[in-house]
Structure formats: structure tokens, C-alpha cells
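Structure assessment
In case you want the letters, here they are:
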Amino acid sequence: MYITRSCLTQILMFRRALYFHIGETEKKCFIEEIPDETMVIGKYRTQLWDKQTGSFLPSTPGLGMHVEIKDPDTKIVLSRQYGSDGRFTFTSHTPGEHQICLHSNSTKMALFAGGKLRVHLDIQVGEHTNNYPEIAAKDKLTELQLRVRQLLDQVDQIQKEQNYQRYREERFRMTSESTNQRVLWWSITQTLILLVTGVWQMRHLKSFFEAKKLV
Amino acid sequence: FSSYHTTTRLLLVPVLWAQLLCGSVWGSELTFELPDNAKQCFYEDIIVGTKCTLEFQVVTGGHYDVDCRLEDPDGTVLYKEMKKQYDSFTFTAAKNGTYKFCFSNEFSTFTHKTVYFDFQVGDDPPLFPNENRVTALTQMESACVSIHEALKSVIDYQTHFRLREAQGRSRAEDLNTRVAFWSIGEAFILLVVSISQVVLLRSFFSDKKTTTTRVGS
């Protein structure tokens, strides 16, 4: 009974997840642009192509996936090896583009002769990571209180996103100002260089022709 | 009958909890990089009668366009657009099975693109395991539901705004680095050209000088 329940849980947990195919040494990266202090939960499940049955095996032991997560400053936040099914979590400390990369680290390379690995992936960000039944049970909330709690979490996420927007707009403004400055200084410098080289050329050639007694 | 009922209830509760553990929205939202001349496909198993929405937007790269194609389990093309920047397509699944959607950058020779897509399948599952769904929602609860829907659309607009703004931002940063490299490059070229002009002119006149001295002596 418990086995059936856990099987159903497993199946239903990933029944609705998107999947894609990945090659043996291929690295697939996904970008999540998130504000700071945002939680991200990723779940994946892998299936290997079985040439004999001509279908994907339900799960393969010995098949691992390496998950690497980098923050906007390209510093590694998480770099771990997981099994054929895995769940990874991280909370962002800087706002920006975080990169989540997956690549397989198969121990039995021979199995990969078919070359296809099916990866089911589900990445949830921010308030979607909240487990409302668990929160309701822990804090003993009524249905109405739980709904209000969900609304509060959503509004919190909106506020964080707007703060992040302000930060991005500031960066954009600084980049534009910097380009403006650079173009201005370059125009002045270019004019100066032109004038200086022009004057130098004239003087040099004049002294050269005078030395040659042509002038 | 009562034992069957209890078993189903015992099975149903963890099953619903498992569904809810996945998050309150049945949707996948991903941003990935599509290299030049590449095609990336995603698959999803959908039940007949489910209303689904596929939305995509090209975030960075080239002319911000990508080919998109959505096929049903029998291979019938439900949606096909070439070189589109962003679009949204809603359909109701007519068959059970695996639906496939692909993004292609095969027309581009050297620009790789970043594509964002959001694939929503069905409606949100309810917040609570439904044991008392027979009773209608109270006024407060329905107010909460409508606020929730409104906030979801606010978050959706924010996402699309962020993606649009990311396009402008990456162009501005590109421009900034290009201006820097170009300025240094052009200064260097100017100096090289002006010095070589003088050297070349000098070389013309030094040949003439040797010929004149030979003639003179």
C-alpha cells in the first residue's frame, strides 16, 4: 500500500514536467534572471534509451547528472553530482542572471551508445517554491488565512522584482552615461590627435625639404 | 465499500499533496541558450481536453527572432511561425499524448540566441485538498481568488517587461564595449597612417637625391 502510494507520488510528481533530450557529453544550460533572496527549486528525472526494447527505461541506476549553478558574477554557487533523479535548491544573494547547467556524468559509457538521454526538468522560482499544505499544517492556518498568506507571498515577489527592476534601470543608465562619456572624450581626443599629427607632419616635411634644399 | 472508500481517500490525499508539492501552477517557464544552426525541442505529455498556452520571447541575439513549431502526438503541426520575436498560442489538446514544440535557429550563421518560453498546461490546482469543494466559496474566498489571478497577471507582465528591458540593456552594453574598442583601434590606426605617410614621402625623395648626386659627379 505504501509502495503504491510512493509510486503514485513519484509518477505524479513528474507527470506534468517538461522533458527534452540530451546527448552524452552535452551540457544544457538554463538562465534564471531573479532578484536577490529568491529561492529556486529544481527537480529532474532522467531516462535512458534502451535499444533492445526500443523505449526509454523508467530509471537507470549508475546514471548521474552534474548540476552546476553560477551567480551573475560567474561565481559557482552549487556544483554537485546527483543520481538519476535529483532535486537541487539555492537562494540567490545577488540579483541577476543565474545559470543552471546540467550535464550527464554517466559511469557506464557503453550504455550511451544510443546517445539519447531523456531529462524531465521542473524549475520553480520564488513564491512557486512554497509548499502551502505544509505551511498550513505547520502554522495551523485556516483556508482563508492560507489564501491570504499566498497573496502576501505573491506581493512580496512583486516587490522584489520591482526592486530588481530599479537596480537594472540604474545599471542601464550608468552604461548609457559611460557610452556617452566615451563618445564625447573620443571625439575630442580624435580631433586633437588629428591636429597634432597634421602639425607634426607639416613641420617634419618642411625641415626635411629644407635639408634637401628643395624649398 | 467503506474500506474501498477509505483506501481511495488514503491514496488520494498523498497524491494531491504530491501534486501540490510541485508548486501551485502547472507550468514550465525556462530561458535557454540556442546556439547558431541549432534546434531545441521540448516535449510534454498532455491529456485530452486540457487548455494549454505556449508563450515565447527572444531575449538576446541577432535580430531577436526564432522559428517556433508546435506538433501534436500524431505529428500534425498546430502552430508554425518563422522568424518571430515573441508570440502566444493557446490551444485545447484534442488528443492524449506527447506534444512537441521546437525552437530553431538554423537560419542564423553566427548569432546564438537566448529564448524564453512559458508553457502552461491546464489550470492551477486548488490550494487545498478538496474534501469540502461541494460548498461554494465565501465572498472573502472569492475575493482572494480574484486578487490571486490579478497578481499572477502582474507577475506575468513584470516578466515580459524584464525580458524587453534585457534586450535594450544588452544592446547598450554591447555598444559601450564596441565604442571603447573602436576608439583605441582608430587612435592606433591614425598614428600608424600618419607616420607611414611621412616615411613614404621621405623614401620618394631620398631616391631622387642619389640619382642627382650620380648625375652631378
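Chain B appears in an unreviewed UniProt entry as Transmembrane emp24 domain-containing protein 7 from Scleropages formosus. In the Sequence similarities (unreviewed entry) part of its UniProt record, chain B is described as follows: "Belongs to the EMP24/GP25L family." UniProt's Function (unreviewed entry) comment on chain B is quoted here verbatim: "Potential role in vesicular protein trafficking, mainly in the early secretory pathway. Appears to play a role in the biosynthesis of secreted cargo including processing and post-translational modifications."

An unreviewed UniProt entry annotates chain A as Transmembrane p24 trafficking protein 4 originating from Scleropages formosus.

All names here are of chain A. Where burial is concerned, most of strand S9 (residues 117-125) is hidden: 9 out of the 9 residues are buried. Residues of S9 alternate between two faces, with Leu117, Val119, Leu121, Ile123 and Val125 on one and Arg118, His120, Asp122 and Gln124 on the opposite face, all of them buried. Bridging between strand S1 (residues 18-22) and S9 involves 5 bridges; their strand directions are antiparallel. When the sheet's bridge partners are listed, histidine 21 is paired in S9 with arginine 118. Sheet analysis places strand S3 (residues 39-50) next to S9, joined by 9 bridges and oriented antiparallel. By the bridge assignment, glycine 42 is partnered in S9 with isoleucine 123.

Residue and element names in this part refer to chain A. Inspection of the entire model under this criterion finds 2 disulfides over all chains. The disulfide partner of cysteine 29 is cysteine 101, and the gap between their sulfur atoms is 2.0 Å. Around the S-S axis, the bridge from cysteine 29 to cysteine 101 shows a dihedral of about 105° and counts as right-handed. Taken as a pair, cysteine 29 in strand S2 (residues 27-34) and cysteine 101 in strand S8 (residues 96-104) lie far apart in primary sequence, 72 residues in all. Judged by its relative accessible area of 3%, cysteine 101 is buried.

Quick notes on the rules
Chains are numbered independently. Their residues run from 1 in the order of the written sequence. Each chain is given a letter, starting from A, and each ligand a number, starting from 1, according to the order in which they appear as written. pLDDT decides what is reported in this predicted model: residues at 70 or higher carry local features, side-chain atom pairs at 80 or more are listed and counted, and totals for whole chains, interfaces and linings draw on all residues regardless. The basis for every side-chain value is the complete set of non-hydrogen atoms in the structure, without hydrogens or water. UniProt positions are given in the numbering used here, feature names are shortened, and annotations may be inferred rather than shown by experiment. Note on classification: 1.4 Å probe, protein chains only; a residue is buried when its accessible area is under 20% of the maximum for its type, exposed when over 50%, partly exposed between these limits. Each helix is a run of DSSP H or I of at least 4 residues and each strand a run of E of at least 2, with the numbering of both proceeding from the N terminus. Strand pairing is defined by DSSP finding a minimum of two bridges between the two strands. Throughout, a disulfide means two cysteine sulfur atoms within 2.5 Å of one another.

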